[in-house]
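# Residue-level structural notes
This is what each chain is made of:
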Amino acid sequence: MAKKRIGILTSGGDCPGLNATIRGVAKACFERFGSENVQIVGIQNGYYGLINNIARDMDNSEFSGILTQGGTILGTKRQPFKMMSVIEEDNVDKVKAMKDTYKAQKLDCLLTLGGNGTHKTANLLSEEGLNIIGLPKTIDNDIFGTDVTFGFHTAVDTATDVIDRLHTTAASHSRILMVEIMGNKAGWLTLYSGIAGGADVIIIPEIPYDTQKVIDSLSKRSASGKTFSIVAVAEGAFDVEEAQLKKKERAKRRLDAGITTATARLAAQVQKGTGIETRVCTPGHMLRGGSPSAYDRILATKFGVRAADLIAKDKFGYSVAMINGAIGENKLKDVAGKTKFVDPECSYVKTAKDIGVSFGD
Ligand code: F6P
């Protein structure tokens, strides 16, 4: 019997849990089909490797000892979806090249571990006739159709730790500490870590903020005797005026005004408006680093096992998901290209508001 050749790639921004998922897929496939009947083919650096046929047959031993390892043993790269069907200067037809690699590597299927952009290309390849299974990763937790993505909860833990640490220095100096948390489109990470870390103000893209309301809530806190405050701001936050603008107009307006980030601007406005010394902390890519949490290791393993189930059933064109608490899958075409945003009326926002957290609205 010919070995089943299962391609795997990791694409887009890395996150904790990618290796745990790769391991989960491989081990579940070895169990199900017999390790002698499976060949895992590692595609290097995401779709870039698929376009350029940078792939290798992996040794089964490579899937041991990686459960706890952050990042991805396969490497990753951003390969924007909007350029996938565009022939650029190098004259490469990327879609054709990816299909050629799939064929050259004699793949029976390809597993794509990634976020929203990765899912869009996965769907494109599926529509082109390849056997694709997506697995939802991102610290942003913004993939449509799944309750949760792997990497998210580890990042929540890390961001919460950052906020915890800011508390002591903010208290010592009687300052406002503003922390900018990754998340360009969706505010899940800021919302969860803001609540877990006890932030006094939480600013997310789904709830455009009124600067004066942020200042008022911090001034009120100060007037009540609180000597310091913590503000958690999502990277992609914008104020109520900017909410009226298109993304590109917003970016241009900021560029023209010399504004680097919403957090830096808000910090300056808050310092001026409250008279309280305000500092900004940007943990940035630290939020994507490190070993996956226990939660993410379990989630990654469950997702990996589900992917093996789908392979066993020859069920392709799907993305593994957690749906209302149960492991399942969505059709790629139903989820690709959609973003899962925070509902401003959701119970998390409500809970935070119920204990007096301001969202600047
Ligand atoms: O998608 C994950 C993410 O970490 C976002 O939160 C962030 O906006 C973006 O990636 C940063 O991307 P890069 O690492 O390419 O700068």
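Residues numbered from 1 in each chain as written. Predicted model: local features only at pLDDT ≥ 70, side-chain atom pairs only at ≥ 80, totals over all residues. Heavy atoms only, no water.

As a further point, take the pairing of strand β5 (residues 132–136). Within a regular beta strand, the side chains point alternately toward one face of the sheet and then the other, so they alternate between its two faces. The buried fraction of β5 amounts to five of the five residues, a majority that puts the element mostly inside the structure. Side chains I132, G134 and P136 of β5 all project onto a buried face; the interleaved residues I133 and L135 project onto the opposite face, where all are buried too. Relative to β5, strand β4 (residues 109–114) is paired through five bridges, and the arrangement is parallel. Looking across to β5, one finds that L111 is bridged to I133. Each parallel crossover has a hand, and for β4 linked through helix α4 (residues 116–127) to β5 it is right-handed. In terms of strand pairing, β5 meets strand β10 (residues 318–323) through two bridges, oriented parallel. Bridge pairing in β10 links I133 to Y318. (Buried < 20%, exposed > 50% of the residue type's maximum accessible area, 1.4 Å probe, protein only. Helix = DSSP H or I, 4+ residues; strand = E, 2+ residues; numbered from the N terminus. Pairing = 2+ DSSP bridges. Right-handed = clockwise from strand over helix to strand, strands pointing away.)

Where helix α6 (residues 188–197) contacts helix α12 (residues 347–354), the two axes come as close as 11 Å, and the packing angle between them is 35 degrees. Crossing of α6 against α12: the hand is left-handed. Listed contacts from α12 to L191, Y192 and I195 of α6 are Y348, V349 and A352. Within the contact of α6 with α12, the residues separate by chemical class into six nonpolar, no polar and no charged. (Axes fitted to C-alpha atoms, helices over the stretch in contact; angles between N-to-C directions. Left-handed = near helix turned anticlockwise from the far one by under 90°. Contact = heavy atoms within 4.5 Å. Nonpolar A, V, L, I, M, F, W, Y, C, P; charged D, E, K, R; others polar.)

Within the secondary structure, D314 is located in the loop between α10 (294–312) and β10. For the pair D314 and D354, spaced 40 residues apart in sequence, the C-alpha to C-alpha distance is 48 Å.

Next up on the list: the side chain of T146. Position of T146 relative to the elements: it lies in the loop between β5 and α5 (152–173). Among the polar contacts made by the side chain of T146, one reaches the main-chain carbonyl oxygen of V148 at a distance of 2.8 Å. What T146 contacts, discounting residues up to four positions off in sequence, is P136, F303, A321, M322, N330 and K340. (Polar contact = N/O pair within 3.5 Å; in protein donor to acceptor, adjacent residues only side chain to side chain.)

Quick look at helix α7 (residues 211–223) now. End to end, α7 covers 18 Å across 13 residues, agreeing with the expected 18 Å (1.5 Å per residue, within 8%). Turning to α7, its buried residues are T211, V214, I215, L218 and R221. Mapping the buried residues of α7 onto a view down its axis gives an arc of 125 degrees, with all of them on the same face. In α7, the exposed positions that point more than 90 degrees away from the buried face belong to K220 and A223. Contacts from the buried residues of α7 go to β6 (176–181), β7 (201–203), β8 (229–234) and α9 (262–274). Two residues or fewer past α7, G225 is found with a positive phi of approximately 105 degrees. (Expected span 1.5 Å × (residues − 1). Arc of directions from axis to C-beta.)

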